[in-house]
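Each chain, written out:
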Amino acid sequence: MTNLLSLWKEHPAFLRETIFLSLISLAFAAGFLFFLFRRKMKLAQIYFLSMMILGSLYSFVLMPLSAPDEVLHYVSAYALSSEMLGQGGKLYDKDGNLRIRKEDEEIDDWTGDGKPEEATVFGMHIDRKQVEERQKASFFAKEKGYGFTLQKPVKTTPLAYFFPALGFSFARILYGSRFTLLYFGRFFNLLFFSILGSLAIEKIPMGKEILFSISLFPMTLELISSLSYDAYILALSFLLLSLVFQYQFREEKLGLKEILWICLIAIALSPCKMVYSLLFLLCVMVSFKRFSSPWLYFIGIFAIGLSIVLPLLLVNLDAFSRYVRPQEDTVNLSNIVGQDGGMETYNRREILAQPDVYLKILRNTFFIKGKEYWYTLIGRPLGQFDNRLSFPLPLVVLFSICPFLAGIFGEREEMRGKKLHILQRIILFLIPLGLIVLILSSMLFAYTPKRTDYVLGVQGRYFLPVLPLFILCFMPSKRVGKQGERIVSFVLFFQILANLSFLLYTYISLFLH
């Protein structure tokens, strides 16, 4: 306590920010409690405000580029921003390095680390010096001219970075500083998720509170408040689930407009990460009887399939062809942290010819890494596996239960007496199972060195898009009533309070050390 008081005296900006965080947290908690229990607003509206406020607080406490792989997403959004501003003709130098403003060179080559021979990414490992640098930063840029970054962009659909790039573009038009640039990009990414997430909660007839509860995981909040394309993936996967449930359980018949919406989501989502194309098997849940014409059902299957395959091939043709048809003499290499060179990974032809070895590796992976997947799904640890940003273990356990409680006691009024049939529940169970196996298999062949008997490179956050499906397959279809709604309100309020307390504690502890 003495250390904290002396810090406040020495660093008045730290005191102001601590008071600001505390007041915002108290006001938000009080407002959330009032609107949720009195239901003066729709749940979707409360969700939008909650995501925007909590996401902004996470973005403030967890510095830009502290999220997993965020520096790569920053470069990808920057490249798209340059094209938006009409600078596409002079985007890269002869070595393929991206052209950036001189002001922004400090982002991925921070000189404050005292190591001129290393290119330190600002914010990747948060410390007091970086927090103080942000506190002193101005809104407008101080340096003019251009430089280059050695970081390479992610090869994926440019749609995944449209909103962060839009934020970057506004900041660059305003001649904003590097902090203005990064926070504008983060804000627009958060806005995109919050709009689509609230739309998903508005549309889905059951499971609204499940989506809300999962969105309150610290890992989810970190991702949606960063520049990561995981915010894009999560938003679209939530919306897809919502529309499929609405189409199956609403009274009106389905037509071309409904097919078009699913096709648009397929065009946007499938090329971003190929494995998440499996989510579109959800469409099998919608009965052909729900369509105004039986022919529309088959037209829909063909149109959605085409909307998945064509963008996927257009964006990922090289990677897809290597994955589907590996050559006999192909040697995949994986760059493992701590290794100077690449290491040979498992070959698909060899491993699939020995299914017993493949199954053994999958089994070992769950035994060895299962607890890590669980922890990192919730948010222990956050950042670049930074143990200072670890959500407390008791809260990890409680947060794991929260979505199930939200599902059991949540609202189902829009189901109108309808229920999930056993076949639909099986589909909801098999899609997450299939996607987990697909993710593990892809990382086995792309990232795991030979003679390693479990899969490397997988984190629990990869499973967030399918977690609502897994929970929904076990949920009752009958409505619990007003008592259940109050229980759900307490669950969500508890998650809000836990997040606010964690953020305040994390901010103070980062500054203390």
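Treat the numbers as computed from the prediction; the structure is a model and nothing was measured. (Residues numbered from 1 in each chain as written. Predicted model: local features only at pLDDT ≥ 70, side-chain atom pairs only at ≥ 80, totals over all residues. Heavy atoms only, no water.)

### Quick word on the overall build of the chain
Our working definition: Here a helix means four or more residues in a row that DSSP labels H or I, a strand means two or more in a row labelled E, and each is numbered from the N terminus. Values of the radius of gyration come from C-alpha atoms, whereas the globule rule sets the reference at 2.2 Å times the count of residues to the power 0.38. With a 1.4 Å probe rolled over the protein chains alone, any residue whose accessible area is under 20% of its type maximum counts as buried; one over 50% counts as exposed, and the rest are partly exposed. Contact criterion: two residues are considered in contact whenever any of their non-hydrogen atoms come within 4.5 Å of each other. We get accessible surface area from the Shrake-Rupley algorithm with a probe of 1.4 Å; when it comes to residues, only the shown protein chains can shield them.
For the chain, the count of helices and strands is 19 helices and 4 strands. Against the globule reference of 24 Å for 513 residues, the chain gives a C-alpha radius of gyration of 24 Å, in line with a compact fold. In terms of overall dimensions, the chain has a C-alpha envelope of 65 × 65 × 50 Å along the principal axes. Relative to its 513 residues, the chain shows a buried fraction of 55%. Looking at the chain alone, contacts between residues at least 24 apart form 80% of all its contacts between residues at least 6 apart. Total accessible area on the chain is roughly 23700 Å²; 65% of this is exposed by carbon and sulfur atoms.

### A few points about the nonpolar core
Using the following cut-off: Within this scheme, the nonpolar core is defined by two criteria: the residues are buried Ala, Val, Leu, Ile, Met, Phe, Trp, Tyr or Cys, and they are joined through side-chain atoms within 4.5 Å.
Counting 150 residues, the largest nonpolar core has Tyr74, Phe212 and Phe245 as the members making the most contacts within it. For this core, the leading source of residues is helix 11 (residues 230-249), giving 15 residues. Sequence-distant contacts of Phe212, that is, excluding residues within four places in its chain, are made with Phe32, Leu43, Ile46, Tyr47, Ser50, Met51, Ile201 and Leu492.

### Some words on the side chain of Thr452
Within the secondary structure, Thr452 sits in the loop between helix 17 (422-446) and helix 18 (467-472). The exposure class assigned to Thr452 is buried, which follows from its relative accessible area of 16%.

### Thoughts on the pattern of salt bridges
This is how it is decided: Every case where a carboxyl oxygen of Asp or Glu lies within 4 Å of a side-chain nitrogen of Lys or Arg is listed as a salt bridge.
Tallied over the full model, the rule gives 13 salt bridges. The residue Arg186 makes a salt bridge to Glu70 at a minimum N-O spacing of 3.0 Å. Residue Arg186 is found in helix 8 (residues 178-203), and its partner Glu70 is found in helix 4 (residues 70-84); the two are separated by 116 residues along the sequence. Taken together, the salt bridges that share partners define one network made up of Asp69, Asp230 and Arg461.

### Points about the confidence of the model for the chain
The condition is simple: Values of pLDDT, the confidence the predictor places in each residue, fall between 0 and 100.
Across the chain, pLDDT averages 87, with 90% of residues at or above 70. Looking across the chain, the model is least confident in strand 3 (residues 333-335), with a mean pLDDT of 45, and most confident in helix 10 (residues 218-224), with 97. When the criterion is pLDDT under 50, residues 327-341 qualifies, and its contacts beyond four places in sequence or with other chains add up to 27 contacts.

### A short note on the packing of aromatic side chains
For clarity, the threshold we go by: Aromatic pairs are defined between Phe, Tyr and Trp rings, using the six-membered ring for Trp, whenever the two ring centres lie within 6.5 Å; interplanar angles under 30 degrees are classed as stacked, those over 60 as edge-to-face, and all others as tilted.
Within this structure, the stated rule accounts for 34 aromatic pairs. With a centroid separation of 5.5 Å and 85 degrees between ring planes, the pair formed by Tyr297 and Phe298 is classed as edge-to-face. A relative accessible area of 52% means that Phe298 is categorised as exposed. Grouping aromatic residues by their ring pairs yields a cluster made of Phe28, Phe32, Tyr47, Phe212 and Phe493.

### Points about the packing of helix 15 (residues 355-378) against helix 17
Stated formally: Note on geometry: axes are lines fitted to C-alpha atoms, helical ones only across the stretch in contact, with angles between N-to-C directions running from 0 to 180 degrees. Roughly parallel means an angle under 35 degrees; roughly antiparallel means over 145; roughly perpendicular covers 65 to 115; every other angle is labelled oblique. Gly is placed with the polar residues, together with every amino acid not listed as nonpolar (Ala, Val, Leu, Ile, Met, Phe, Trp, Tyr, Cys and Pro) or charged (Asp, Glu, Lys and Arg).
With their axes 11 Å apart at the nearest point, helix 15 and helix 17 run at an angle of 105 degrees to one another. As the angle between them shows, helix 15 and helix 17 are arranged roughly perpendicular. Between helix 15 and helix 17, the residues in contact are Tyr358, Ile361, Leu362, Thr365, Phe366 and Tyr373 and Ile436, Val437, Leu440, Ser441 and Leu444, respectively. Within the contact of helix 15 with helix 17, the residues separate by chemical class into 9 nonpolar, 2 polar and no charged.

### Looking at helix 11
As a reminder of what qualifies: Multiply 1.5 Å by the residue count of a helix minus one, and that product is the helix's expected span.
Its 20 residues give helix 11 an end-to-end C-alpha distance of 29 Å, which sits within 8% of 28 Å, the value for a rise of 1.5 Å per residue. Where burial is concerned, most of helix 11 is hidden: 20 out of the 20 residues are buried.

### Concerning a nonpolar patch on the surface
Worth spelling out the cut-off: By definition, no residue in a patch forms a salt bridge, and every one has over 30% relative accessible area; like charges are joined within 9 Å, nonpolar side chains (Val, Leu, Ile, Met, Phe, Trp, Tyr) within 5 Å.
Residues Ile422, Leu423, Ile426, Phe429, Leu430, Leu433, Val437, Phe470 and Phe474 make up a contiguous nonpolar surface patch of roughly 820 Å² in combined accessible area. Structurally, Phe470 can be placed in helix 18.

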